[in-house]
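One letter stands for each residue in the lines below.
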Amino acid sequence: MKLVYETSTKDHKGLQLPKCDLNYELDDKYKRKEKLNLPELSEVEVVRHYTALSKETYSVDDGIYPLGSCTMKYNPKLNEEVASFEGFSQVHPLQDVSTVQGCLQALDLAKKYVCTITGMDNASFQPAAGAHGEFTCMMMIKKYHEERNDTKRKKIIIPDSAHGTNPASATMCGFETVTIKSENGIVSMEELNKVLSDEIAGIMLTNPNTLGLYEKEILNITKAVHDCGGLAYYDGANLNAVMGISRPGEMGFDCLHLNLHKTFSTPHGGGGPGSGAICCNKKLEKYLPNPIIKNEEGIYTFENIDSSIGKVKDFYGNFTVVLKALTYMLRLGNNGIRETSENAVLNANYIMNGIKDLYDVAIDEVCMHEFVLDLSRFKKETGFSALDVSKRLIDYGIHPPTMYFPLIVKEALMIEPTETESKETLDMVIDIFRKIHEEAYSKSVDLTKAPLNTKYGRMDEVTSARNPRLKYGD
Amino acid sequence: MDELKNVLFTKTHEWVKIEGEIAYVGLSDYAQSQMGDIVFINLEEDDYEVGDTIGDVESVKSVSDIYSPFTGTIVEINSVIFDDPGAINRDPYGTWLCKYENVSDKEEFLTLEEYEEIIKE
């Protein structure tokens, strides 16, 4: 399809701005030297352009989106309705707090709920994304050690089955990362004990980990890290597997982040906006980003605390995203929260058991909310790769799973159906995987050419990565 | 297999070739085949110790670290790999990444046969 620049026609206009009635001349140094190269379109042309564009994409409103580690669940439309209530959508962050008590009450209620779900004492909704939440937790851990003058703690332990963003967040915060190898897919206490010392600031643990496995030694892990003086951070990106069943606070963790745009059904991908809410226990709450919500006899205020790490985002984070997550939690209630995780785990096991006689599972045991296939035998026997299978899935109208992650599995396909898919959809996914397996072994379809039935065929990812054209006219 | 004469390997899939005072480092054929099409290499001339990360290599699939097999100085980086990173995929043993001098220490290397045993699994 055409780029918006290519549909531009001179003098087409979408709106007319009133003439500026201010008598003010900008200083020359602030004036643009070249004319802005903007396309010229009428309102209907803009609408048609974006409608056409939206038809060429795929979202969870089109069908299943089993992108492992991303929890692409359906986002209930009720969330949007509540977030667009006038009292929420027509307020300004600089308004006096006495006029937005309802908004603060909503934030405080959401805080109470996420603390209940995670077993933590306090929370902040300021971070705008999951990795931003990780980074914020790392800053709090750093400040904790600094305030105790425990300055030689410069290392953060990260298992090789952790989320890929963990090492980046720790490094950005000035820590040195120490990777420990997993054994049979989970953290090995032996490997952990080898690296424990008085230089350890803490551990970043993803649970369930990226192989979709529950860390069996979790209580021993947090204990060992605490015993050496470190703190324990829980990567809550996979919380969808354990909500209402087990709580990171009771596992011994000191802080964690949640992806409201994963577990709590707020929009995800394509700019979100996301929310990487963080929760912590008493040890760390005085370092939470400013401002903190206070509730004194029913009057809500924002308060800045001196010991805080400071702000990590303007104002109070992505407020309407929190509202959507709050709507989701209120709607599900206690039992619904638990059932959500139970169904997420059941659905993943259902697909896994429907295809594991044909495809190898990386670690063949009961999985949590996701599982990882290892297609290295498949590749050896057929010549087709995990990439080829992924591309063929597009032909059958479903979004491919996460590929080549985690790195500890070769030819990895990481499948996370989420709880929002019906048994019929799961059966369809199983049928498609089985059909592709048959195509590969019978060589009836050249999977290296897939997708074959889409408007655009296999993209040349190598050329686009080596010689990207990043702007119109290049 | 002439090109593999005098070539030794690391467990982290680099190859090394020592010629007198100079040592060359590259990526093994197995490494390039596992990574797939390489699109970008990040390497810097500097002093390194055995096991240090000297840079990383980005393919369409992933980004992997490259580790220093020597304690010494990287005095030159093969300019070919910046202009045409695909050369590593086409000719892994003919395309060295960097050149070391002042080598004072090295890790325990594997022979071709030992290395092939490791990657066979």
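Basis of the calculations
Residues numbered from 1 in each chain as written. Chains lettered and ligands numbered in written order. Predicted model: local features only at pLDDT ≥ 70, side-chain atom pairs only at ≥ 80, totals over all residues. Domains from an automatic or database assignment. Contact = placed C-beta atoms within 7 Å. Nonpolar A, V, L, I, M, F, W, Y, C, P; charged D, E, K, R; others polar. Axes fitted to C-alpha atoms, helices over the stretch in contact; angles between N-to-C directions. Helix = DSSP H or I, 4+ residues; strand = E, 2+ residues; numbered from the N terminus. Parallel < 35°, antiparallel > 145°, perpendicular 65-115°, else oblique. Left-handed = near helix turned anticlockwise from the far one by under 90°. Pairing = 2+ DSSP bridges. Right-handed = clockwise from strand over helix to strand, strands pointing away. Buried ≥ 20, exposed ≤ 12 C-beta atoms within 10 Å, placed from the backbone.

Attention now moves to the domain arrangement of chain A. Residue and element names in this part refer to chain A. Split by domain assignment, chain A resolves into domain 1 (1-53), domain 2 (78-331) and domain 3 (337-464). Listed per partner, the contact involves 21 residues of domain 2 and 19 residues of domain 3. Counted by class, the side of domain 2 that touches domain 3 contains 10 nonpolar, 10 polar and 1 charged residues.

Now for the packing of helix α4 (residues 101-118) of chain A against helix α10 (residues 319-355) of chain A. Residue and element names in this part refer to chain A. Relative to each other, α4 and α10 sit at 45°, their axes nearing to 9 Å. Here α4 lies oblique to α10, going by the angle between them. Every pair of crossing elements has a handedness; the one defined by α4 and α10 is left-handed. Across the interface between the two elements, C103, A106, L107, L109, A110, Y113 and I117 from α4 touch F319, V322, L323, A325, L326, M329 and I337 from α10. Partitioned by chemical class, the residues of the contact of α4 with α10 number 14 nonpolar, no polar and no charged.

Residue and element names in this part refer to chain A. For strand β2 (residues 155-159) and strand β3 (residues 176-180), the ladder comprises 5 bridges, and the chain directions are parallel. By the bridge assignment for β3, I156 is matched with T177. In this fold, β2 hands off to helix α6 (residues 165-172), which returns the chain to β3; that crossover is right-handed.

A few words on the interface of chain A and chain B. Listed per partner, the contact involves 6 residues of chain A and 6 residues of chain B. Across the side of chain A that touches chain B, the residue classes tally to 4 nonpolar, no polar and 2 charged.

Right, let's talk about the pairing of strand β2 (residues 14-19) of chain B for a bit. All names here are of chain B. As judged from the 3 bridges shared by strand β1 (residues 7-9) and β2, these two strands associate in the antiparallel manner. Within the sheet, the bridge partner assigned to L8 lies in β2 and is V16. Between the end of β1 and the start of β2, which pair antiparallel, lie 4 residues, with H13 showing a positive phi angle near 75°.

This part is about the sheet that holds β3 of chain A. Residues and elements named next belong to chain A. The strand order β1-β9-β8-β7-β6-β2-β3 describes an open sheet built from 7 strands, whose pairing is mixed. Each edge of the sheet is formed by a strand with only one pairing partner; in this case those strands are β1 (122-124) and β3. Averaged over all pairs of adjacent strands, the angle between strand axes in this sheet comes to 20°, irrespective of strand direction. This element, α4, spans β1, β8 (255-257) and β9 (278-280) of the sheet and lies at about 125° to β1. Against the sheet, helix α8 (residues 218-227) contacts β6 (200-206) and β7 (231-235), and its axis sits at roughly 165° relative to β6.

Take the environment of D108 of chain A next. Residues and elements named next belong to chain A. Structurally, D108 can be placed in helix α4. Taking C-alpha positions, D108 is 20 Å from G244, a pair spaced 136 residues apart along the chain. Excluding its chain neighbours within four sequence positions, the residues that come into contact with D108 are I293, N295 and Y300.

With that out of the way, let us pick up the sheet that holds β1 of chain B. Backbone-to-backbone hydrogen bonds pair the strands of a sheet. The strands run either parallel or antiparallel. Residue and element names in this part refer to chain B. The 6 strands are arranged β1-β2-β3-β9-β8-β5 in an open sheet whose pairing can be described as antiparallel. Strands at the two margins of the open sheet, each flanked by one partner only, are β1 and β5 (47-48). Direction of pairing for strand β3 (residues 22-27) relative to strand β9 (residues 98-106): antiparallel, over a ladder of 3 bridges. Residue pairing for β9: V25 is matched across the bridge by C98.

Another point: the environment of F175 of chain A. Residues and elements named next belong to chain A. Topologically, F175 is positioned in the loop between α6 and β3. Residue classification places F175 among the buried positions, given that 23 C-beta atoms sit within 10 Å. Along the sequence, F175 and M139 sit 36 residues apart, while their C-alpha atoms lie 9.9 Å from each other. Residues in contact with F175, not counting those within four places in the same chain, are M138, K154, K155, I156, A170 and A201.

Okay, the packing of helix α5 (residues 130-147) of chain A against α6 of chain A next. Helix packing for two helices is described by the angle between their axes and how far apart those axes are. All names here are of chain A. Their axes nearest at 9 Å, the elements α5 and α6 cross at an angle of 45°. One element, α5, and the other, α6, form an angle in the oblique class. Helix-helix and strand crossings are classified by hand; for α5 and α6 the assignment is right-handed. For the pair formed by α5 and α6, the contact residues are G130, A131, E134, F135 and M138 on the first element and T165, N166, A168, S169, A170 and M172 on the second. Taken together, the residues that form the contact of α5 with α6 break down as 6 nonpolar, 4 polar and 1 charged.

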